[in-house]
Amino acid sequence: MTELTFALLKYGFLILLWVFAWLAVRSLRKDIESFSPRPSRSRQRRKRRAHQASGAHAANAVAEPQQPSVSVPRQTAQDGSPTLLVIIDGPLAGSSIPLTGDAITMGRSASNTVVLDDEFVSSHHARVYRDPASGQWAIEDLGSTNGTIVNDQRLVVPTILPPRMPVRIGATTFELR
């Protein structure tokens, strides 16, 4: 064989090796994207509408007088404390758990009050409980790997959880009402 043949084989093999590496990286990227927790399309639409409405509201504030706002009734106890834990996004969206005074645990394990079948959730991920000092509801991360996100910030210490404050665990988002 001539030197030209060896050069063509060498460069052909090198090109084939680069194509294989590119395909492997592309496949890994697609797998990571498909398993990453992200907000559902309905939640993204709500955020987009709220953002557009706030921009439109600022533009129309001079042109039109403001309409009186209608308050949405909340399901709270007479003392103003929340009575429900409502899952607003994720596989269990729409379900609710009554806040009876007992701690509510969340995780993948079947022994939890709320079982979240999500690979980004630890077996015992977090718990929501009534704080004995203040009497308000609090949330605590139970040493989970991926953390508990309260109002877009990772939870480090047990925190008082006010009503309507979004909490994200893996692909699930919930709030107290």
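Here the structure is a predicted model, which means the values were calculated and not measured.

Thresholds applied
- Residues numbered from 1 in each chain as written.
- Predicted model: local features only at pLDDT ≥ 70, side-chain atom pairs only at ≥ 80, totals over all residues.
- Heavy atoms only, no water.
- Helix = DSSP H or I, 4+ residues; strand = E, 2+ residues; numbered from the N terminus.
- Contact = heavy atoms within 4.5 Å.
- Areas by Shrake-Rupley, 256 points an atom, 1.4 Å probe, with all protein chains shown as cover.
- pLDDT = per-residue confidence, 0-100.
- Patch = residues over 30% accessible without salt bridge, like charges linked within 9 Å, V, L, I, M, F, W, Y side chains within 5 Å.
- Salt bridge = Lys/Arg side-chain N within 4 Å of Asp/Glu carboxyl O.
- Buried < 20%, exposed > 50% of the residue type's maximum accessible area, 1.4 Å probe, protein only.
- Pairing = 2+ DSSP bridges.
- Polar contact = N/O pair within 3.5 Å; in protein donor to acceptor, adjacent residues only side chain to side chain.

1. Thoughts on the overall build of the protein chain
The helix and strand inventory of the protein chain stands at two helices and eleven strands. Helices and strands appear in the protein chain in the N-to-C order α-α-β-β-β-β-β-β-β-β-β-β-β. In the protein chain, the proportion of contacts linking residues at least 24 apart, taken out of those at least 6 apart, comes to 36%. Accessible surface, the protein chain as shown: approximately 12,500 Å² in total, 58% of it carbon and sulfur.

2. Quick notes on the confidence of the model for the protein chain
Fine structural detail should not be taken from predicted coordinates in areas where pLDDT scores are low. Looking at the protein chain, pLDDT values average 82 and 80% of them are 70 or higher. Segment residues 58–76: pLDDT under 50, and nine contacts once partners within four positions in sequence are set aside and those in other chains are kept.

3. Examining a nonpolar patch on the surface
A contiguous nonpolar surface patch, about 610 Å² in accessible area, is contributed by Y11, F13, L14, L17 and W18. On the accessibility criterion, L14 (40% relative accessible area) is partly exposed.

4. Some points on the sheet that holds strand β3 (residues 104–107)
Either a parallel or an antiparallel arrangement is found when strands of a sheet pair, and the pairing is made through backbone hydrogen bonds. Spatially, β4-β3-β5-β6-β9 is the arrangement adopted by the five strands of the open sheet, whose pairing is mixed. Bordering the open sheet on either side are β4 (114–115) and β9 (159–160), each of which pairs with just one other strand. The pairing of strand β6 (residues 137–141) with β9 spans two bridges and is classified as antiparallel. Along β9, the bridge assignment pairs I139 with T159.

5. Focus on the side chain of T148
On the secondary structure map, T148 appears in the loop between β6 and β7 (149–150). In this structure the side chain of T148 is engaged in a polar contact, spanning 3.4 Å, whose partner is the side chain of H125. Once residues lying within four places of it in the same chain are set aside, the contact partners of T148 are H125, A126, I139, D141, Q153, R154, L155, V167, R168 and I169.

6. So, the sheet that holds strand β1 (residues 84–89)
Spatially, β2-β1-β11-β10-β7-β8 is the arrangement adopted by the six strands of the open sheet, whose pairing is antiparallel. Because the sheet does not close on itself, it has two edges, and the strands there are β2 (96–98) and β8 (153–154). Relative to β8, β7 is paired through two bridges, and the arrangement is antiparallel. Counterpart to V150 in the pairing with β8 is Q153.

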